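One letter stands for each residue in the lines below.
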Amino acid sequence: MTFYYTFCYIVFAYSIAILLSYLFLVVQSYRAQKKMKIDMPSDTTLKYLMEGSPLTPGVSIIAPAYNEEVTIIDNVYSLMQIDYPNYEIIIVNDASTDRTMELLLNEFQLVEVPYDIAMKVPSKPIKRVLKSSNPKFSKLVVVDKEHGGRKSDGSNAGINVCNNKYFVCTDVDCIVEPMALYRMMWLVVNSHKPMIGVSATMLMNNGCLIGDGRVIEAREPSRILPLFQQMEYLRSFLVGKLGWASINALPNISGGFGLFDTDVVVKSGGYDQTSMAEDMDMLLRMVTYMKNSNQDFCLAQVPQVCCWTEGPSILKAFYRQRTRWARGLFEIVSHHRKLFFNPHYGPIGIFTLSYIFLFEFIAPVLELLGALFMLWLLIIDGINWEASLVIFGMVYMFAILMAVCVLTFDYSTKAVNWHNRKRTYLKMFIAAMFEPIIFHPIVTYCSIVGYFNFITQTTAVWKPIQRTGVKKNKANKTPNA
């Protein structure tokens, strides 16, 4: 019985700590949003202030591509629709075995050009660099390289080619909002400290209407699995990342769309080609480099949606993605353990990484133990059903309260201009009601499998999500020359 009460007290204290940490992030996110409304001008003003300014920094957009023939042309046109005065697009073909390179060559009239390549970070050899003979596509650079097997190798190859002070790493399947770079770079040029990374809110385009390389109508996913993920994404960016960024403790910048200081990335060694969590791994190495060299820095989060990506809509693809993420988290805890709970690394070490270890890394294991414990109590008829229902009801209502906060934040920040706000918020709220009992157990199971794969050193194979496509509206492709 001593074990029984000890375990119950541990779970109770742990649950209270999680609830308090969530409340802290909600408060910090709310404060950050209020400040952002004052500091961040409208899109029209942003463009007016930065478009003609000689102080507006150049940006390189790096998008590795491997066997992306289904979406490659549409997505390159999407990148060309970005409204920013000084940027280049670097598509890195990682020795695709399908028609990806052929389609690029034909559509954009590419020719091989001499190019000064500096191997600033490790990557597989670059075979050739191509640019378009058509002035309409002057922003486009295509890198054809030997197969590296992972996105990180393609990203490093893009870094070796780019010449701008800042670069954005993205997935080639992403649909980028036209004003995304203005929103991110405004935070860079107005920061009182060197800005080494900016995270942008990213949502799923499942269900959206796409045309002319952009999201014409933002709609909620029609299928239940992507709908759960949309709520998860909103919670992650508008509460989690925005809250952590408010105390300069952002732990991760998504590889889907994130901006980095090129020089700091190079000095930190670029992307680790062996890592299953290359995005978080690189940011933590950047933080380590800045702290160990006694340099001040800043990290930021943009609340407005800047990028749309297609999320897995079938369980098999979702399982593969989340087990890989869980394995990557275990890898981060193992390889960067000196940062955790370490005040030398500032708020990230003291707060964020401590939170990740206690409430993201340990949580799936504790939930599994709790489920087994409940099963044992059920067998011996030792469950206090009244107390159990009260506790479950409190946790469930808190989860619903979090969903209300997330949807309220989305509405107040105008992060997304949903096609039908009432229908969208209703569907996402209904999804939030079922998330704790349907979606969360699936995520927990995937986490346990990912941990097991890391511990047993099961061979890790990176596989891209099989794209199912999005709703399209036919329109003329008009690149931003």
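Residues numbered from 1 in each chain as written. Predicted model: local features only at pLDDT ≥ 70, side-chain atom pairs only at ≥ 80, totals over all residues. Heavy atoms only, no water.

Novice: Which parts of the structure should I look at to understand the side chain of N93?
Specialist: Tracing the chain through its elements places N93 in strand β2 (residues 87-93). Owing to a relative accessible area of 2%, N93 belongs among the buried residues under this scheme. (Helix = DSSP H or I, 4+ residues; strand = E, 2+ residues; numbered from the N terminus. Buried < 20%, exposed > 50% of the residue type's maximum accessible area, 1.4 Å probe, protein only.)

Novice: How should I be thinking about the sheet that holds strand β8 (residues 195-204) in this particular structure?
Specialist: The strands that make up a sheet are held in pairs by hydrogen bonds between backbone atoms, and each pair lies either parallel or antiparallel. Spatially, the 10 strands line up as an open sheet ordered β3-β4-β5-β2-β1-β6-β11-β8-β12-β7, and their pairing is mixed. Whereas interior strands pair on both sides, the edge strands pair on one side only; in this sheet they are β3 (110-112) and β7 (175-176). Where β3 and strand β4 (residues 126-132) come together, 3 bridges link them in antiparallel fashion. For V111, the partnering residue across the bridge sits in β4 and is K131. Strand contacts of helix α4 (residues 100-107): β2, β3, β4 and β5 (140-145), with the helix running at about 30° to β4, the strand carrying the most contacts. (Pairing = 2+ DSSP bridges. Contact = heavy atoms within 4.5 Å. Axes fitted to C-alpha atoms, helices over the stretch in contact; angles between N-to-C directions.)

Novice: What should I look at first to understand the nonpolar core in this one?
Specialist: General note: in soluble globular proteins, nonpolar side chains tend to be found buried as a group. By size, the foremost hydrophobic cluster in this structure holds 150 residues, and its most contacted members are I91, F108 and F257. Ranked by residue count, the leading element in this core is helix α7 (residues 224-245), at 12 residues. Leaving out residues up to four positions away in the same chain, I91 has contacts with A63, A65, I72, V76, L79, L104, L140, V141, V142, V143 and V172. (Core = buried A, V, L, I, M, F, W, Y, C linked by side-chain atoms within 4.5 Å.)

Novice: Mind showing me how you'd approach helix α5 (residues 151-161) here?
Specialist: Residue pairs three or four apart in sequence face the same way in an α-helix, which turns once every 3.6 residues. Here α5 lies mainly inside the structure; 11 of its 11 residues are buried. Buried within α5 are the following residues: K151, S152, D153, G154, S155, N156, A157, G158, I159, N160 and V161.

Novice: What is the right way to look at the packing of aromatic side chains in this model?
Specialist: Each aromatic ring pair is specified by the distance between its two centres and by the angle formed by the two planes. Applying the stated criterion across every chain, the model contains 25 aromatic pairs. Relative to F357, the ring of F340 lies with its centre 6.3 Å away and its plane at 70°, an arrangement referred to as edge-to-face. One end of the pair, F340, is in the loop between α10 (315-335) and α11 (346-361); the other, F357, is in helix α11, with 17 residues separating them in the sequence. Looking at F340, the relative accessible area reads 9%, which means it is buried. Exposure remark for F357: the relative accessible area of 24% places this residue in the partly exposed category. (Phe/Tyr/Trp six-rings, centres within 6.5 Å; stacked < 30°, edge-to-face > 60°.)

Novice: Honestly, the environment of R223 in this entry has me stumped. Any pointers?
Specialist: Residue position: R223 is located in the loop between β10 (214-217) and α7. Sequence spacing of R223 and W244 is 21 residues, and the spatial spacing of their C-alpha atoms is 31 Å. If near-sequence neighbours (up to four positions away) are discounted, R223 is found in contact with S313 and I314.

Novice: I tried to follow the packing of α10 against helix α14 (residues 421-455) on my own but got confused; where do I start?
Specialist: Any two packed helices are characterised by the angle at which their axes cross and by the distance between the axes. The N-to-C vectors of α10 and α14 enclose an angle of 55°; their axes lie 7 Å apart at closest approach. For the element pair α10 / α14, the angle class is oblique. Considering how the two elements wind past one another, α10 and α14 form a crossing that is right-handed. Contact residues: L315, F318, Y319, R322, T323, A326, R327, L329, F330, E331 and S334 in α10; F439, I442, V443, Y445, C446, S447, V449, G450, Y451, N453, F454 and I455 in α14. (Parallel < 35°, antiparallel > 145°, perpendicular 65-115°, else oblique. Left-handed = near helix turned anticlockwise from the far one by under 90°.)

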